[in-house]
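Results of the structural survey
Single-letter residue listing:
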Amino acid sequence: MSDPRIVPIVMPKWGLSMKEGTLTSWLVQPGKDIKAGEPILEVETDKIAGEFQSTDSGLLRRAVGIVGTTYPVKALLGVLAPPEVPDSAIDEYVAGFVMPVAGEDDEDSGPKYEWADTSLGKVRYAKRGESGDAVILIHGFGGDLDNWLFNIDALAEKNTVYALDLPGHGQSTKNLPNPSLNVLTKSVSEFMKEAGITSAHVVGHSMGGAIAMQLAADDPSKVKTMSLICSAGLGPEFGTYVSDYVAAEGRRDLKPVLEMLFADKSLVSRQLVDDVLKYKRLDGVEPALKALAEALFGGNKQHDLPVKAVANRAGDTQIIWGKEDQIIPVAHANNFPGAKVHVLESAGHMVFMEKANDVNALLKGHFGA
Amino acid sequence: MARNISMRQAINEALDQEMTRDPSVFIMGEDIAGGAGGQGEDDAWGGPLGVTKGLFHKHPGRVLDTPLSESAFVGAAIGAAACGMRPVAELMFLDFMGVCFDQMFNQAAKFKYMFGGKAQTPVVIRGMVGAGFRAAAQHSQMLTPLFTHIPGLKVVCPSNAYDAKGLLIQSIRDNDPVIFCEHKVLYPHESDVPAESYAIPFGEANVVREGKDATIVTYGMMVHRSMDAAKELAKSGIEVEVIDLRTLSPIDMDTVLDSVERTGRLVCVDEATPRCSIAADVSAVVSQEAFKALKSGIQMVTPPHVPVPFSPTLEDLYIPTADTIAKAVRKTMAN
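In short, a report on the structure. (Residues numbered from 1 in each chain as written. Chains lettered and ligands numbered in written order. Predicted model: local features only at pLDDT ≥ 70, side-chain atom pairs only at ≥ 80, totals over all residues. Heavy atoms only, no water.)

Quick word on the interface of chain B and chain A
Condition: Whether two residues touch is decided by their heavy atoms; if any such pair falls within 4.5 Å, the residues are in contact. Each of two parts loses accessible area, computed with a 1.4 Å probe, when they are put together; buried area is these two losses added. For this document, the term salt bridge refers to a Lys or Arg side-chain nitrogen within 4 Å of an Asp or Glu carboxyl oxygen. Two N or O atoms form a polar contact when they lie within 3.5 Å of each other; inside protein one atom must be a possible hydrogen donor and the other a possible acceptor, and for residues adjacent in sequence the pair counts only when both atoms belong to side chains. Helix numbers and strand numbers start at the N terminus; a helix is a DSSP run of H or I with at least 4 residues, a strand a run of E with at least 2. Under the convention adopted here, Pro, Cys and the residues Ala, Val, Leu, Ile, Met, Phe, Trp and Tyr are nonpolar, Asp, Glu, Lys and Arg are charged, and Gly plus all remaining residues are polar.
Between chain B and chain A, the residue contacts involve 24 residues of the former and 14 residues of the latter. Buried area between chain B and chain A, summed over both chains or domains, comes out near 1300 Å², and the portion from carbon and sulfur atoms is 41%. Linking Glu204 of chain B and Arg281 of chain A is a salt bridge whose minimum nitrogen-to-oxygen distance equals 2.5 Å. Linking chain B to chain A there are eight residue pairs in polar contact (both at pLDDT 80 or more). Elements with a contribution of two residues or more to the side of chain B that touches chain A: helix 6 (161-173), strand 9 (206-209) and helix 8 (253-263) of chain B. Broken down by element, the side of chain B that touches chain A gets its largest block of residues, four residues, from strand 9 of chain B. Residue composition of the side of chain B that touches chain A, by class: eleven nonpolar, three polar and ten charged.

Here's what the structure looks like:
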């Protein structure tokens, strides 16, 4: 039996498809006292690169992971233990570390994705955590629930977190006749009913933010608080992203479009582009996206400004923006008088991926205890 | 919803979904149902390797067992296509194309041009290609260069289940004659495939691995051998870019040239015999269009210029291995 005071740091699993990751740098050195939530190392997967924050507190005794090496999920990267644990015990722990069998844990955690019936068809969602208030994560135009890979588990520590694929998106139904903000909002409302959620902290990114506001306007009791990330619905100005995204037919056209989403363009990997292309090529996606883009953002203008209908909710609302957002002007952060505003440096439209740790902290703070 | 399914299942699913979507799609071939004229089950075979199994009862009257006469039924498929249907004829082994040259090469490929663009021939001829199945010289060839040589034909050769489904759906929806080459050794090969229908456009190569030191251009089963070689080379610090052409006509030379302009080194890997091959074609275009980018001579990895041997030992020697490919890459790195 190993010393219970020894805590391993292992390769994280970001998103359901991640099997391995490359350790690209250590942000702390052995000898450092680490607090839970502190970024300690950087990992790159075939989809995305990001900082990994420690899930435990303790003294970093050993950095086992070698920079530049690719490790399977759950491989040992480092060891935390109080100073009184002898080096020999740590050596023994490292030598005897057995990686949990891949897949074992996945089966324990039950079905990966779940499905809810709405009037448009089946909607896919993921649920994490069992405690606290419900939280709903709503992605933006052309996104899906996997956009929240750096957030969902962190938020699930104290809340029950739901992330869904909107109709026309991800693996949800592609049946989206006469799309509008109201149609999408109704589908979220129906999803909540099906999943047994009476009210929730609603987090919306981009178009998902407009949906969050519309939901609060239609049925205030469903929305405990709103967190609007680089949100649509706050002002008419809008870039060319959505029209370019819809028009892109191959990797060559799509890559520069997706690069608009990030301050650090190198985050757009081949795999990320391929995954979006695979989604865009499913039968029914192109017409659904075309109609949705025209209805909400035709002429590169935002047509729905639900912020007007929820002015009374300013006290429950926080707005988070990436300063280098190229899709929706960062100035829109100030279009919700009374709401708390956080503008994060060196981040673009996907601020919740690029600055996941900061955004997670802001979200947790906003949900309260 | 994506699941892990085999290339065999992916092809079956593409046929099934297109027959469901479009009533003008039907399939024909030798033993693709497998019970015609016999006493037993009508759906006895589902093709010699079970690729079309289950479609006979799902689509009554649209899965046609044909006589053992490729000349006749491929001609019939082309005629049906010219008259508004979208037939998919299975040639079992594409080696048998020899008896259909006039129908495919001299008729189907020419109609659009000879009738001033007024005639369309949306026919798909699908069947098995490639060595490694102990099927001997007349059932093991990679005849992709022969098909690619003929203007008016489109030629597809997928390396995995995802591409097989999307490219076969595109082949059926395309208004030109398409020869769809299925590597028999890859039928059990599994990958993530959406349950929904989707089409992959022709003329779009897939960069299956990124690398800065050398470019491998290949297709079909050789993609897997090339990836094995790339993994081996990575151990000694050589990062190879691997390009899966996916469709040979049209061919995506832009992706190839972009890559070679970055890496400066090219290895063309082809399971077809070397003379007038896809490897030779790609090499010629690169040396014409990107000569100044090349840091060393182009290498070609192909089988020898002989028929595929029946002896298992010789057949294994015939097919290019990861090791031969890695050696060719090292050769381009030598200077």
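Brief notes about the sheet that holds strand 4 (residues 39-44) of chain A
Residue and element names in this part refer to chain A. Quick reminder of the rule: Between any two strands, pairing holds if DSSP finds at least two bridges. Axis definition: a line fitted to C-alpha atoms, over the contacting stretch in the case of helices. Angles run 0 to 180 degrees between N-to-C directions.
A sheet is described by the order of its strands in space; here four strands give the open sequence 5-4-2-7, paired in antiparallel fashion. Each having just a single partner strand, strand 5 (49-53) and strand 7 (70-72) make up the two edges of the open sheet. On average, each strand axis in the sheet is tilted by 40° relative to the strand beside it, whichever way the strands run. One ladder, built from three bridges, connects strand 2 (residues 20-26) with strand 7; its direction is antiparallel. Bridging across to strand 7, Thr22 finds its partner in Thr70.

Details of the packing of helix 7 (residues 251-259) of chain A against helix 8 (residues 270-280) of chain A
Residues and elements named next belong to chain A. Note the threshold: In these notes the angle categories are as follows: under 35 degrees is roughly parallel, over 145 is roughly antiparallel, 65 to 115 is roughly perpendicular, and the rest is oblique. Crossings are sorted by hand: turned counterclockwise from the far helix by less than a right angle, the near helix makes the crossing left-handed, and turned clockwise it makes it right-handed.
Where helix 7 contacts helix 8, the axes come no closer than 10 Å and their chain directions differ by 110°. Between helix 7 and helix 8, the interaxial angle falls into the category roughly perpendicular. Relative to helix 8, helix 7 is oriented so that their crossing is right-handed. Across the interface between the two elements, Arg251, Leu254, Lys255 and Leu258 of helix 7 pack against Arg270, Leu272, Val273, Asp274, Val276 and Leu277 of helix 8. Considering only residue class, the contact of helix 7 with helix 8 consists of six nonpolar, no polar and four charged.

Points about the packing of aromatic side chains
Our working rule: Any two of the Phe, Tyr and Trp rings considered here, Trp counted by its six-membered ring, make a pair once their centres fall within 6.5 Å; the pair's planes then place it as stacked at under 30 degrees, edge-to-face at over 60, or tilted in between. A simple rule labels every residue: compare its accessible area, found with a 1.4 Å probe on the protein chains alone, to the largest value its type can have, and call it buried under 20%, exposed over 50%, or partly exposed in between. Should the NZ of a Lys or the CZ of an Arg lie within 6 Å of a ring centre and within 35 degrees of the ring normal, that charge is described as sitting over the ring.
Applying the stated rule across the entire model yields 13 aromatic pairs over all chains. On the numbers, 6.2 Å between centres and 40° between planes, the contact of Tyr125 of chain A with Tyr162 of chain A is tilted. Separated by 37 residues along the polypeptide, Tyr125 of chain A in strand 10 (residues 122-128) and Tyr162 of chain A in strand 12 (residues 160-164) bring together distant segments of the chain. Each member of the pair, Tyr125 of chain A as well as Tyr162 of chain A, is classed as buried. A centroid spacing of 4.6 Å and a plane angle of 10° characterise the contact between Tyr162 of chain B and Tyr198 of chain B, whose relative ring orientation is stacked. With Tyr162 of chain B in helix 6 and Tyr198 of chain B in the loop between strand 8 (190-194) and strand 9, this residue pair connects regions lying 36 residues apart in the sequence. Residue Tyr198 of chain B is classed as buried on the basis of its relative accessible area, which comes to 0%. Ring pairing ties together the aromatic residues Phe141, Phe238, Tyr241, Tyr245 and Phe297 of chain A, which thus form one cluster. The positively charged end of Arg124 of chain A is found above the aromatic ring belonging to Tyr113 of chain A, 4.0 Å away from the centroid. The ring of Tyr245 of chain A is capped by Lys280 of chain A, whose NZ or CZ atom sits 5.4 Å from the centre of that ring.

Focus on the pattern of salt bridges
Overall, the coordinates contain 41 salt bridges over all chains when judged by the stated rule. With its nearest N and O atoms 3.5 Å apart, the salt bridge here joins Glu345 of chain A to Lys323 of chain A. Placement of Glu345 of chain A in the loop between strand 16 (340-344) and helix 10 (351-354) and of Lys323 of chain A in the loop between strand 15 (317-322) and strand 16 is noted, with a sequence separation of 22 residues between them. Of the charged contacts in the structure, one is a salt bridge between Glu18 of chain B and Arg21 of chain B, with a shortest N-O distance of 2.8 Å. Of the two residues, Glu18 of chain B and Arg21 of chain B are both situated in helix 1 (residues 7-21); the distance of three residues between them amounts to about one turn of the helix. Overall, the relative accessible area of 0% leaves Glu18 of chain B in the buried class. Among the ionic contacts, a cluster of salt bridges with common partners joins Arg61, Arg62, Asp87 and Asp91 of chain A.

Shape is all these values report; function is a separate question.
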